Amino acid sequence: MADKKKLSVEEMLAACRKQDGGGNAGPTAPPSGDDASSKKTAAAESKPAKVAKEAPASSGAAAKPADRSKMSVADMMAAARGEKAGGGKPAAAAASAQSESTAQGGTDAGAKSGAKEKAAAAKGGDKAAAAKPAKGPAAPASATPTKSPAALDTASILSAVRSGAKPGPVSKSEVPTRAKPAEEKSKKIAVPPMPDKPAYAVVRPTGNVVATETRRSFFASVNAKIVGSSLALGFASLAVTHVLWALGLARFMFPNILTEPPTRFKVGFPDVLGLGQVDERFKAQFGVWIVKAEYEGQPQIFAIKSVCTHLGCTPNWLEAEQKFKCPCHGSGFYKDGVNFEGPAPRPLERYAIRVSDDGQLEVDKSRVFHEELGQWKDGSSFVPV
Amino acid sequence: MPSLSEIIRESQIWKSIFRHPMPVDRRNRIVVMLTNFFLHLHPVSAKKQGIALSYTWCMGGVTFFLFLIETITGVLLMFYYRPTLEWAYSDILALRDVTSLGLMRELHRWGAHAMVITVWLHMYRVFLTGSYKPPREFNWVVGVILLLLTLLLSFTGYLLPWDQLAIWAITVGSNMARAHPVLGHEGPGAALLTVDGIDMITNASDARFGLLGARFVGEETLNRFYVLHCVAIPLAASLLIAIHFWRVRKDGGISGPL
């Protein structure tokens, strides 16, 4: 690559002449001072086998058509390597020259890749000069043999920009993207098919399959099966154990015995209470007042939950003032539980109450009745007197 | 169309937790070990011989595993156990007979027995392989303290069932503190600490009294042992275990010649 940029105009012309004139060009490259690549070009013609190692890509591409009449395998390999080293597509002229070699019926790798290039060159068509810089860093030199890479004309630069490619020097970060076509091409070198196996190398199928299994391989396969299955079994049982433990721990967190008072309890006979009386005996343990009073003109017995409807404090029954008064924020409730002062937004709540089979009142704290929801009309929320 | 695992592994949640790609190559294996809190306890590479089971017996690892078992089951037991004279014994019975998953206490008990055994075997192995020698001598000392803490955990846990066995075992065990030189009121030198003819070391001021919180094993002792067993000693053991593991790495890796 680096050598390519050192090519002078004369050398490029010489290379073109060689491509055009086939094999009769001879070593016409003018020896321009100390330019190594020109010497290499001459060497490439005289010793084609060395081209791949020494000559830059364009020289390799140029050398190939010169010797195409007597192409050996080494020549084709050298040509292929040269293309790979060159990276980009060869010039349109080179492609056409290679297409001739393809027409000659060459089925080797170099010819095949040459055919591919022909298609690419045909696609490029008349704008080949502009398209080449996009295809590879090597292209400008060989595509526009009469110009040095630095002397690109404005039209070709513009078309290169329009085609989305960046002409000119390649930074390291761009190398992977640009070198790609060359790699693809190198992959396309066909590998000749393997020769048929000699008779002694062909494995003859035996009638008895078990017979091919030695004792050692038998135990190996059995071992693999056992280990594989036991590994799966081990992880499966581990997973099952974890799930069972998770379920067991979830159950563990729910105690089977509670030390708190029961939610259903008896509070004595209804006759014991006088009308208008608030029974405070069950407040401390169960959090409930048993009240025999009138609610909306109906005398009844009901169980009031001793939790303020404001923020959940426990109100006190003030016998002298005949009201429930919350010590926290001053909410006040009538004897029937309806709020009348302070921040409490709604009446106290009732628990379910009924007369049990033995005639005693029984409170069920699992059911709650809200006055504002009309639930105090529910027959379970009171015992009529 | 990305697969579900790709969607998960490309998500911000996943990336915020796991900072590095799957450990498929050497570099990622190293950084995964270094950047994971749990894995960074391990070295990124260890000598093959150093982790041979026939060499290490994995007794330190098993001991740590049992410590984790004891911690988890112990926390679960604390949900149901009350260290009071009224409830301690009946709570122990209820843990077996009433609570679901009644083998929790058995796990804790058998795990404690096993931990004492494995910690001794670990010490035995370290001794046989000469792993107590410099530069590992400090870690040996840490290990001896951990052994003592393990035994103290067993001793304090022994009292908590609050049955006759527990009470008399602690009575007998703590009686040894009576004979402690100077600090025990029956030990040698106790009589030396007298001020104006009054003994300073008595059965109400010696080491045993400080341990039991009383002259005899009682409710104060139960509460004291409960706090020691559930909080104080496990905290100290956790700290020392962390130091122990750290020093294993810093002093030349797991066992084996340096």
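Residues numbered from 1 in each chain as written. Chains lettered and ligands numbered in written order. Predicted model: local features only at pLDDT ≥ 70, side-chain atom pairs only at ≥ 80, totals over all residues.

## Concerning the overall build of chain B
Turning to step 1, where the next piece is worked out: Scanning chain B from terminus to terminus reveals 11 helices and two strands.
Turning to step 2, where the next piece is worked out: N-terminal to C-terminal, the α/β element order of chain B is α-α-α-α-α-α-α-α-α-β-β-α-α.
Turning to step 3, where the next piece is worked out: Restricting to contacts in chain B with at least 6 residues of sequence separation, those with at least 24 account for 61%. (Helix = DSSP H or I, 4+ residues; strand = E, 2+ residues; numbered from the N terminus. Contact = placed C-beta atoms within 7 Å.)

## Some details on the overall build of chain A
Turning to step 1, where the next piece is worked out: Looking only at helices and strands, one finds 14 helices and 11 strands in chain A.
Turning to step 2, where the next piece is worked out: Residues classed as buried in chain A amount to 31% of the 385 residues present. (Buried ≥ 20, exposed ≤ 12 C-beta atoms within 10 Å, placed from the backbone.)

## Observations regarding helix α8 (residues 137-159) of chain B
Residues and elements named next belong to chain B.
Turning to step 1, where the next piece is worked out: An ideal rise of 1.5 Å per residue puts 33 Å on 23 residues; α8 measures up with 34 Å between its terminal C-alpha atoms.
Turning to step 2, where the next piece is worked out: Every buried residue belonging to α8 is among Asn 139, Gly 143, Leu 146, Thr 150, Leu 153, Thr 156, Gly 157 and Leu 159, and all of these are buried.
Turning to step 3, where the next piece is worked out: Against the buried residues of α8 lie α7 (104-128), α9 (164-175) and α11 (219-250). (Expected span 1.5 Å × (residues − 1).)

## Quick notes on the interface of chain B and chain A
Turning to step 1, where the next piece is worked out: Across the contact, seven residues belong to chain B and seven residues belong to chain A.
Turning to step 2, where the next piece is worked out: Tallied by class, residues from the side of chain B that touches chain A come to five nonpolar, two polar and no charged. (Nonpolar A, V, L, I, M, F, W, Y, C, P; charged D, E, K, R; others polar.)

## Regarding the pairing of strand β9 (residues 350-355) of chain A
Residue and element names in this part refer to chain A.
Turning to step 1, where the next piece is worked out: Here strand β4 (residues 298-305) pairs with β9 via two bridges, running antiparallel. When the bridges of β9 are listed, Ala 303 appears paired with Tyr 351.
Turning to step 2, where the next piece is worked out: For β9 and strand β10 (residues 361-369), the ladder comprises six bridges, and the chain directions are antiparallel. The partner of Val 355 across the bridge, within β10, is Leu 361.
Turning to step 3, where the next piece is worked out: Here β9 hands over to β10 after five residues, with Gly 359 in that stretch at a positive phi of 90°. (Pairing = 2+ DSSP bridges.)

## Considering the packing of helix α5 (residues 59-78) of chain B against α7 of chain B
For any two helices packed against each other, the geometry is given by the interaxial angle and the distance between the axes.
Residue and element names in this part refer to chain B.
Turning to step 1, where the next piece is worked out: Running from N to C, α5 and α7 point in directions that differ by 155°, and their axes come no closer than 8 Å. By the angle class used here, α5 and α7 are roughly antiparallel. Judged by the twist between their axes, the crossing of α5 over α7 is left-handed.
Turning to step 2, where the next piece is worked out: Grouping the constituent residues of the contact of α5 with α7 by class yields 14 nonpolar, eight polar and three charged. (Axes fitted to C-alpha atoms, helices over the stretch in contact; angles between N-to-C directions. Parallel < 35°, antiparallel > 145°, perpendicular 65-115°, else oblique. Left-handed = near helix turned anticlockwise from the far one by under 90°.)

## Considerations on the pairing of β10 of chain A
Turning to step 1, where the next piece is worked out: In the sheet, strand β1 (residues 264-266) of chain A pairs with β10 of chain A via three bridges, with the strands oriented antiparallel. In the strand pairing of β10 of chain A, Phe 265 of chain A is matched with Val 363 of chain A.

## Overview of the nonpolar core
One broad trend across soluble globular proteins is that nonpolar side chains are buried collectively.
Turning to step 1, where the next piece is worked out: Ranked by size, the top nonpolar core spans 23 residues in total, and within it Val 288, Ile 290, Phe 302, Ala 303, Ile 304, Ile 353 and Val 363 of chain A carry the most contacts.
Turning to step 2, where the next piece is worked out: Those elements that provide at least two residues to this core are β3 (288-295), β4, β9 and β10 of chain A.
Turning to step 3, where the next piece is worked out: Considering every element that reaches this core, the biggest residue donor is β3 of chain A, with six residues.
Turning to step 4, where the next piece is worked out: Once you skip the residues sitting within four places of it in the chain, Val 288 of chain A turns out to touch Phe 282, Lys 283, Ala 303, Ile 304, Lys 305, Ser 306, Tyr 351 and Val 363 of chain A.
Turning to step 5, where the next piece is worked out: Within the second largest apolar cluster, 13 residues are counted, among which are Ala 88, Leu 159, Trp 162 and Phe 209 of chain B. (Core = buried A, V, L, I, M, F, W, Y, C linked by C-beta atoms within 7 Å.)

## Thoughts on the sheet that holds strand β6 (residues 323-325) of chain A
Residue and element names in this part refer to chain A.
Turning to step 1, where the next piece is worked out: An order of β5-β6-β7-β8 is seen for the four strands of this open sheet, with the pairing classed as antiparallel. The sheet terminates laterally at β5 (316-318) and β8 (339-341), the two strands that pair on one side only.
Turning to step 2, where the next piece is worked out: With two bridges joining them, β6 and strand β7 (residues 332-333) adopt antiparallel strand pairing. Residue pairing across strands places Lys 325 opposite Gly 332, the latter belonging to β7.

## Regarding unusual backbone geometry
All names here are of chain B.
Turning to step 1, where the next piece is worked out: For the bond from Pro 134 to Pro 135, the omega torsion is 10°, close enough to zero to count as cis.
Turning to step 2, where the next piece is worked out: The backbone phi angle of Trp 57 is positive, close to 60°, even though this residue is not glycine.
Turning to step 3, where the next piece is worked out: For Trp 57, the location among the structural elements is in the loop between α4 (53-56) and α5.
Turning to step 4, where the next piece is worked out: Even without glycine at this site, Trp 162 takes up a positive phi of about 60°.
Turning to step 5, where the next piece is worked out: In this structure, Trp 162 sits in the loop between α8 and α9.

## So, the confidence of the model for chain B
Turning to step 1, where the next piece is worked out: For chain B, the average pLDDT comes to 91, and 99% of its residues sit at 70 or higher.
Turning to step 2, where the next piece is worked out: When mean pLDDT is taken per element in chain B, α8 of chain B scores highest with 96 and strand β2 (residues 198-199) of chain B scores lowest with 83. (pLDDT = per-residue confidence, 0-100.)

## Describing the environment of Phe 18 of chain B
Turning to step 1, where the next piece is worked out: Mapped onto the secondary structure, Phe 18 of chain B falls in the loop between α2 (12-17) and α3 (26-35).
Turning to step 2, where the next piece is worked out: Distance in space between the C-alpha atoms of Phe 18 of chain B and Val 32 of chain B is 8.2 Å, their sequence separation being 14 residues.

## Here's the deal with the environment of Ile 290 of chain A
Turning to step 1, where the next piece is worked out: For Ile 290 of chain A, the position within the fold is in strand β3.
Turning to step 2, where the next piece is worked out: When the C-alpha atoms of Ile 290 of chain A and Gly 268 of chain A are compared, they prove to be 10.0 Å apart, with 22 residues separating the residues in sequence.

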